[in-house]
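Inside the fold
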Amino acid sequence: MHVPVIAPSILSADFSRLGEQVRMLDEGGADWIHVDVMDGHFVPNLTIGPQVVAALRPHTRKPLDCHLMIEQPERYVEQFAAAGADILTIHVEACRHLHRNLEQIRGLEHHSGGRMMAGVSLNPHTPIESIAHVLELCDLVLVMSVNPGFSGQSFIPQTRGKLRALRERLDALGRHGVHVQVDGGITDANAELVAHDGADSFVAGSGVFRHPSLAPAAAIAALRAAAARGIETRLRAPA
């Protein structure tokens with residue numbers, strides 16, 4: 001992927017004005033709206049479910065990128081698809097039958113009638129070898145650059161090596177269309193670095209909603225510019 005995808009996370013939004021905040025992201029240039037779903041078991045936090053996704057769907061025409069940080073996600077993917085999700089990302093650490101779970105997601109339709117995009121996520125300690133056997137089923141691989149559960153955490157620098165290794169693996173397999181997403185402590189100050197490492201999709205919560213400009217549109221534009229520079233530099237680097 002050569003064009004950065006900016007996916008602001010609503011985890012840092014004002015939940016009392018969630019529809020308004022999603023519209024603001026849409027109008028501010030977001031490519032996707034990232035929805036963090038947590039069950040209080042897989043991660044130590046409890047957030048939103050399919051009902052909130054359904055309530056958000058009328059407020060944006062952008063893809064709803066649902067990150068399922070939940071145990072046994074196969075029990076809920078159909079509900080999230082029916083609620084209006086376009087992308088469903090599940091954790092390798094939460095899936096006993098990951099291959100089957102990804103096939104289940106790929107067999108669903110999103111709200112516009114096309115095939116649901118299937119993603120798999122890796123916690124900071126999880127090696128990319130854990131998903132080597134399912135890369136052919138992935139439209140997206142999400143590398144967590146913080147330990148999942150809460151917004152506002154600091155980026156873990158050691159995850160940069162995982163991004164580089166993942167991009168190299170996908171390129172070697174000819175899977176150039178698979179998104180490499182990074183989530184956790186992403187701001188316009190480090191987006192260029194992680195883009196150079198191989199990311200093309202950037203999740204930012206605090207980096208958008210708590211940007212010094214206080215304007216999500218300005219934060220999104222700054223993230224996009226930084227990410228684009230990193231992607232350009234990576235593509236120009238000698239093989």
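What you are looking at is a predicted structure, and each value in this text was computed from that prediction instead of being measured.

Quick word on the overall build of the protein
For the protein, the helix and strand inventory stands at 8 helices and 8 strands. By principal-axis analysis of the C-alpha atoms, the protein measures approximately 50 × 45 × 35 Å. Looking at the protein as a whole, 54% of its 239 residues are labelled buried. Considering only residue pairs separated by 6 or more positions, the protein has 68% of its internal contacts joining residues 24 or more positions apart.

As for the side chain of Ser9
By secondary structure assignment, the location of Ser9 is in the loop between strand E1 (5–8) and helix H1 (18–27). For Ser9, a relative accessible area of 4% translates into the label buried. A polar contact of 2.5 Å, which involves the side chain of Ser9, links it to the side chain of Asp36. The contacts of Ser9, once residues within four sequence positions are left out, are His34, Asp36, Val203, Ala204, Gly205 and Phe209.

Considerations on the side chain of Thr159
Mapped onto the elements, Thr159 comes out in helix H5 (residues 159–172). Given a relative accessible area of 2%, Thr159 falls into the buried group. When neighbours within four sequence positions are excluded, Thr159 is seen to be in contact with Pro124, Val143, Met144 and Ser145.

With respect to the nonpolar core
Ranked by internal contacts, the top residues of the largest apolar core, which has 64 residues, are Ile10, Leu68, Leu88, Leu98, Ile131, Val141 and Phe202. It is helix H8 (residues 216–236) that contributes the most residues to this core, 6 residues altogether. Ignoring sequence-local partners within four residues, the contact set of Leu68 consists of Val37, Pro73, Val77, Phe80, Leu88, Thr89, Ile90 and His91. Of all hydrophobic cores here, the second largest spans 9 residues; its members include Ala7, Leu140, Met144 and Val146.

Digging into H5
The α-helix advances 3.6 residues per turn, and as a result positions three or four apart in sequence lie on the same side. In this model, H5 (14 residues) spans 20 Å end to end at C-alpha, consistent with the 20 Å of a helix rising 1.5 Å per residue. Within the sequence span of H5, burial applies to Thr159, Lys162, Leu163, Leu166, Arg167 and Leu170. Angular distribution of buried residues about the axis of H5 spans 130 degrees; they occupy a single face of the element. In H5, those exposed residues whose orientation departs by more than 90 degrees from the buried face are Glu168 and Ala172.

What counts, and where the lines are drawn
Residues numbered from 1 in each chain as written. Predicted model: local features only at pLDDT ≥ 70, side-chain atom pairs only at ≥ 80, totals over all residues. Heavy atoms only, no water. Helix = DSSP H or I, 4+ residues; strand = E, 2+ residues; numbered from the N terminus. Buried < 20%, exposed > 50% of the residue type's maximum accessible area, 1.4 Å probe, protein only. Contact = heavy atoms within 4.5 Å. Polar contact = N/O pair within 3.5 Å; in protein donor to acceptor, adjacent residues only side chain to side chain. Core = buried A, V, L, I, M, F, W, Y, C linked by side-chain atoms within 4.5 Å. Expected span 1.5 Å × (residues − 1). Arc of directions from axis to C-beta.

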